[in-house]
Amino acid sequence: MIEVENLVKHYAQVKAVDGVSFTVGKGEIFGLLGPNGAGKTTAIRTMLDIIKPDSGAIKLMGRPVTEATKSRIGYLPEERGLYKNFRLLECLTYLGALKGMPRRQARRQAEALLERVDLGEYAKRKVKELSKGMTQKAQFLAAIVHDPELLIMDEPFQGLDPVNTELLKTILLEEQARGKTAILSTHNMDQVEEMCDRILLINHGRSVLYGPLDEIKARYAEHAVLLECDTMPEGLVGVQRVEQHNHTYPKGMASAYELVLEQDASPKAILRQLVEADVAVYRFEVATPPLAEIFITVVEQVQ
Amino acid sequence: MKQTLLVAGQELLVNLRRPGFIIMTLLIPALGLVGLLVGSVFGGEVGDFFESQFAPNQTGMGYVDQSGLLTAELPQYADQFIPYSDEASARADLLADEIDSYFVLPADYLQTGKVTVYGTGGGFSTFVAADEANLGSFLIDHLLAGKVDATVQARVRAPIDVQPVTLDEKGEVSTDSPFSWVGDFVVPYVFAILFVITLFTTSGFLLQGVSEEKEDRIIEILLSSISPTQLLAGKILGLGAVGLIQVTVWLGAGAALLAVAAALFALTGMINISLGTMFLGLVYFVLGYLLFATLMAVAGSMGTTQRESQQIAGIFSFAAAIPWMALSVTFANPNAPLAVVLSYIPLTSPVMMLIRLGFGQVPAGQIAISLVLLVAGIVVSLWAGAKVFHVGLLMYGKRPDLKDLARAFKQA
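Here is a short report on the structure shown in this document. (Residues numbered from 1 in each chain as written. Chains lettered and ligands numbered in written order. Predicted model: local features only at pLDDT ≥ 70, side-chain atom pairs only at ≥ 80, totals over all residues. Heavy atoms only, no water.)

### Structural notes on the packing of helix α12 (residues 275-302) of chain B against helix α16 (residues 349-359) of chain B
All names here are of chain B.
For step 1, the next point in the chain: One can describe the packing of α12 onto α16 by two numbers: an axis separation of 9 Å at closest approach and a directional angle of 165°. Comparing the axis directions of α12 and α16 gives the class roughly antiparallel. In the crossing of α12 with α16, the sense of the turn from one axis to the other is left-handed. In this structure, α12 uses Thr277, Leu280, Gly281, Tyr284, Gly288 and Phe292 to contact α16, whose residues at the interface are Ser349, Pro350, Met353, Leu354 and Leu357.
For step 2, the next point in the chain: Class assignment for the residues of the contact of α12 with α16 results in 7 nonpolar, 4 polar and no charged. (Axes fitted to C-alpha atoms, helices over the stretch in contact; angles between N-to-C directions. Helix = DSSP H or I, 4+ residues; strand = E, 2+ residues; numbered from the N terminus. Parallel < 35°, antiparallel > 145°, perpendicular 65-115°, else oblique. Left-handed = near helix turned anticlockwise from the far one by under 90°. Contact = heavy atoms within 4.5 Å. Nonpolar A, V, L, I, M, F, W, Y, C, P; charged D, E, K, R; others polar.)

### Comments concerning a nonpolar patch on the surface
For step 1, the next point in the chain: A cluster of nonpolar side chains, contributed by Met1(B), Leu5(B) and Leu237(B), occupies part of the molecular surface with about 330 Å² of accessible area.
For step 2, the next point in the chain: Relative to the helices and strands, Leu237(B) resides in helix α11 (residues 228-264). (Patch = residues over 30% accessible without salt bridge, like charges linked within 9 Å, V, L, I, M, F, W, Y side chains within 5 Å. Areas by Shrake-Rupley, 256 points an atom, 1.4 Å probe, with all protein chains shown as cover. Salt bridge = Lys/Arg side-chain N within 4 Å of Asp/Glu carboxyl O.)

### Side note on helix α5 (residues 132-144) of chain A
Residues and elements named next belong to chain A.
For step 1, the next point in the chain: End to end, α5 covers 19 Å across 13 residues, agreeing with the expected 18 Å (1.5 Å per residue, within 8%).
For step 2, the next point in the chain: Of all 13 residues that make up α5, 10 are buried, and the element is covered over most of its length.
For step 3, the next point in the chain: Among the residues of α5, those classed as buried are Met134, Gln136, Lys137, Ala138, Gln139, Phe140, Leu141, Ala142, Ala143 and Ile144. (Expected span 1.5 Å × (residues − 1). Buried < 20%, exposed > 50% of the residue type's maximum accessible area, 1.4 Å probe, protein only.)

### Some remarks on empty space enclosed by the protein
For step 1, the next point in the chain: Applying the stated criterion across every chain yields a total of 3 cavities of 30 Å³ or more.
For step 2, the next point in the chain: Its volume calculated, the second largest cavity comes out at about 50 Å³.
For step 3, the next point in the chain: Taken together, Tyr75(A), Leu95(A), Gly96(A), Lys99(A), Ala142(A), Ala143(A), His146(A), Ile221(B), Ser224(B) and Ser225(B) form the lining of the second largest cavity.
For step 4, the next point in the chain: Of all the secondary structure elements, the ones that give two or more residues to the lining of the second largest cavity are α3 (88-98) and α5 of chain A. (1 Å grid on protein atoms, 1.4 Å probe; cavity = no way out; pocket = protein on both sides within 12 Å on 5 of 7 lines; lining within 4 Å. Points joined across faces, edges and corners; volume = space filled by probe spheres on them.)

### What about the packing of α12(B) against helix α17 (residues 364-393) of chain B?
Residue and element names in this part refer to chain B.
For step 1, the next point in the chain: Direction vectors running N to C along α12 and α17 enclose 20°, while the axes themselves pass 8 Å from each other. In terms of orientation, α12 and α17 fall into the roughly parallel class. Regarding α12 and α17, the two cross each other, and that crossing is left-handed.
For step 2, the next point in the chain: Its residues assigned to classes, the contact of α12 with α17 shows 19 nonpolar, 8 polar and no charged.

### Here's the deal with the pairing of strand β7 (residues 181-185) of chain A
All names here are of chain A.
For step 1, the next point in the chain: Counting buried positions along β7 gives 5 out of 5 residues, so the element sits mostly inside the fold.
For step 2, the next point in the chain: Along β7, one buried face is formed by Thr181, Ile183 and Ser185 and the opposite face, lined by Ala182 and Leu184, is buried too.
For step 3, the next point in the chain: Here strand β3 (residues 29-33) pairs with β7 via 4 bridges, running parallel. Directly across from glycine 31, in β7, lies its bridge partner leucine 184.
For step 4, the next point in the chain: With 5 bridges joining them, strand β6 (residues 150-154) and β7 adopt parallel strand pairing. What sits directly across from isoleucine 152, in β7, is isoleucine 183.
For step 5, the next point in the chain: Considered for its hand, the β-α-β crossover made up of β6, helix α6 (residues 162-177) and β7 is right-handed. (Pairing = 2+ DSSP bridges. Right-handed = clockwise from strand over helix to strand, strands pointing away.)

Here it is in structure tokens:
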């Protein structure tokens, strides 16, 4: 779907993007991550042909970006904006039509989407009269109104309450189920863990982490398991030390532990011992650090 | 192309709904209508009223004849000219406001022709009071009375009464009314002004539109759909259509008003603009619009706010105002060197030429040179403008400086 090879873009003295390569497959939700000023927006803008790269090749859907490919992409930029003096429906229709969709079809599509996100009654209102949350939702719709094959979204759930966040997430996952591809750029690591299949983490314009999310998490996994059970049996073989996380349950009920394993022990062997000891296990999980932790580790390493 | 037309259509729609446009478009014909109504109701009275407002309230002019050439005062001049035997008494009466002014005919008047006019209240009022034509008649009559035949004397006083006859191509006497100067001069001149107004309202709307889009932060979404060139072309086309609609409304209303005026005042042959002039006017309007629209769009893309954009655009507007400042020169001589030079510089030539075409004949060679230079200017400004437009559009926090622009030219 997307092939980016050795992308370089300089601004004056700053290397905004410095030799980044990645591919995104059809139907994927791909996370594009990085600290502020890492070069995410520049990378996205070059993909959309808004700015020209200094060197490197970008292919979308097997071809270099042209006006024709642009119409198959939906873009939600970080800098939010709609025509403030237009009526909501008119604004969405125009933006859809600019992407090459026949006006009437764009209008129908916009009407349906507005109903879907509970903005139906605001269709004739001017954009400037809407609340911030409504504008955010409208902005999201502007990116998908022309039914694009590829969605590029920069912080799509910013400024939304949990209900609306869930609503838009559902819409995005539905689009994925219909075979659409999405690139998600966000600082919210929970959302990335929840939605993304693969990620690219860039820092100072360079690629520092790239691959399937579970692989990356496994790579950064400590050799440990998380365990929640009623009584912690003594003398498990292969456990180096036990750390109790008592905050999870009130005293006297189940407790949470992190078991740090010895080098040659396997989580499977530990689980077998627990079953043999007839312990009531509520949760058994190979410990992987949250993505946020990996993010911080990697970014600080580079610095 | 489809996208360009889409942008054009949208711009047309948005700007036709602008209150500023609607008011401006209707106001001009409304003013014309009001003028016509006032003219038809009051007729000549209006003219008299204005004349009485501006003509000085005359009490008469004194004179002192030191040459001894004048005969005794003739009765028909008695209430306008008052003879004084010496200058001191004339001066005393002037200071006492008994007379507006007085003149002294010196002893060597016959050799030099010099007449000294004394007045109060500064140069202009002295000059008005002197009213050369009237004074001339007075002197002629008092110098020649009794010495030549009365009819000769009358002829000397008014030696020429021009009877203009215009021959058409076949040598036939043209039937133009004596009012054809209205058609030859005033009407094209008014149209020239209207053209210039439209030119600047529409390119001003373009500026406003671009800076609104920048302030609304919608540029990035637009550029993810279409190229900056398509955006620029669409805007220029759309607002060009807006301008043409305005001009068409004004020309239509103007033609209708003139037809009514012709019927009301029984004038014929008043609308007498040659098709060639009209066509040239339109050509300069379209070319001038292209040039200024491009420049305004670029100015709009460069500023971070509307106010800032307007400051940048002010530079171009000032250039366009230069021909108006030079109007007094052009008025005296439409082919003065200054007017010719201003007709060649692309920034001033559309306005200058529209004015000059209004005044009458412009040499074909000058039109050719000016058109070539103007078209070249448009090509350059479109080429450079598209690049600056692209760079400027994506700059939000700051205005692109010369370094940014230089880089843009290198990259593209």
